[in-house]
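# Analysis of the macromolecular model
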Amino acid sequence: MEDFLIVTPEKIGLLMWIVWGLIGVVGALLTQRITQFRKMLAFNIVLGIAGGILGGFLSVQVIGDTPMMLVIVSVLGAIFGAGIILWIAAALTSHFSER
């Protein structure tokens, strides 16, 4: 049970992976609500999950010393990662749909 909550650069618990994925889903739903591309929900969810997990994982590997600091930094990294990937996807989609 303790393995679910561990956050170290060497080992990341299952709970953090789930939190990062949920951050990506929330980001995708917000993107879906804000942008005009309403028919791309599944695409946005997949990109949001990938961005959240990638941002959370990379932030744990690069930044943070204490376990609490790693949790906070990883959540912020997941938000940033999901936001960046969804923003790039929305920009590319709008650019290519105008042609």
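Residues numbered from 1 in each chain as written. Predicted model: local features only at pLDDT ≥ 70, side-chain atom pairs only at ≥ 80, totals over all residues. Heavy atoms only, no water.

## So, empty space enclosed by the protein
Counting across every chain of the model gives one cavity of 30 Å³ or more. Computed from the structure, the largest cavity encloses a volume of approximately 60 Å³. Around the largest cavity sit 10 residues that line it, and Thr31, Met40, Asn44, Ala89 and Ala90 are the ones nearest its centre. Secondary structure elements with two or more residues in the lining of the largest cavity: α2 (41-62) and α3 (67-97). Looking at the lining of the largest cavity, the element that brings in the most residues is α3, giving four residues. Here the lining of the largest cavity is composed, by residue class, of six nonpolar, four polar and no charged. (1 Å grid on protein atoms, 1.4 Å probe; cavity = no way out; pocket = protein on both sides within 12 Å on 5 of 7 lines; lining within 4 Å. Points joined across faces, edges and corners; volume = space filled by probe spheres on them. Helix = DSSP H or I, 4+ residues; strand = E, 2+ residues; numbered from the N terminus. Nonpolar A, V, L, I, M, F, W, Y, C, P; charged D, E, K, R; others polar.)

## Let's talk about the packing of helix α1 (residues 14-34) against α2
At their nearest, the axes of α1 and α2 sit 7 Å apart, and the two run at 135° to each other. Taken together, the axis directions place α1 and α2 in an arrangement best described as oblique. Relative to α2, α1 is oriented so that their crossing is right-handed. Two secondary-structure elements touch here, α1 through Trp17, Trp20, Gly21, Gly24, Val25, Ala28, Leu29, Thr31 and Gln32 and α2 through Leu41, Asn44, Ile45, Gly48, Ile49, Gly52, Ile53, Gly56, Phe57 and Val60. Partitioned by chemical class, the residues of the contact of α1 with α2 number 11 nonpolar, eight polar and no charged. (Axes fitted to C-alpha atoms, helices over the stretch in contact; angles between N-to-C directions. Parallel < 35°, antiparallel > 145°, perpendicular 65-115°, else oblique. Left-handed = near helix turned anticlockwise from the far one by under 90°. Contact = heavy atoms within 4.5 Å.)

## Remarks on the nonpolar core
Listed in full, the eight residues of the largest apolar core are Val7, Ile12, Met16, Trp20, Ile23, Val60, Leu70 and Ala78. Secondary structure elements with two or more residues in this core: α1 and α3. In terms of residue count, α1 provides more of this core than any other element does, three residues in total. Sequence-distant contacts of Val60, that is, excluding residues within four places in its chain, are made with Val7, Thr8, Pro9, Ile12, Trp20, Leu70 and Ser74. (Core = buried A, V, L, I, M, F, W, Y, C linked by side-chain atoms within 4.5 Å. Buried < 20%, exposed > 50% of the residue type's maximum accessible area, 1.4 Å probe, protein only.)

## Overview of the packing of aromatic side chains
Two numbers describe a pair of aromatic rings. These are the distance of the centres and the angle of the planes. Enumeration according to the criterion identifies two aromatic pairs in this entry. Each ring, one from Trp17 and one from Trp20, has its centre 5.1 Å from the other, and the planes form 70°; the classification is edge-to-face. Residue Trp17 and its partner Trp20 are located together in helix α1, separated by three residues, close to a single helical turn. Trp17 sits in the partly exposed class, given a relative accessible area of 31%. With a relative accessible area of 0%, Trp20 lands in the buried category. Ring geometry for Trp17 against Phe57: centres 5.9 Å apart, planes inclined by 25°, an arrangement best described as stacked. Here Trp17, found in helix α1, pairs with Phe57, found in helix α2; they are 40 residues apart in sequence, far enough to count as distant. On the basis of relative accessibility, which here comes to 32%, the residue Phe57 falls in the partly exposed class. Members of the aromatic cluster, joined through ring pairs, are Trp17, Trp20 and Phe57. (Phe/Tyr/Trp six-rings, centres within 6.5 Å; stacked < 30°, edge-to-face > 60°.)

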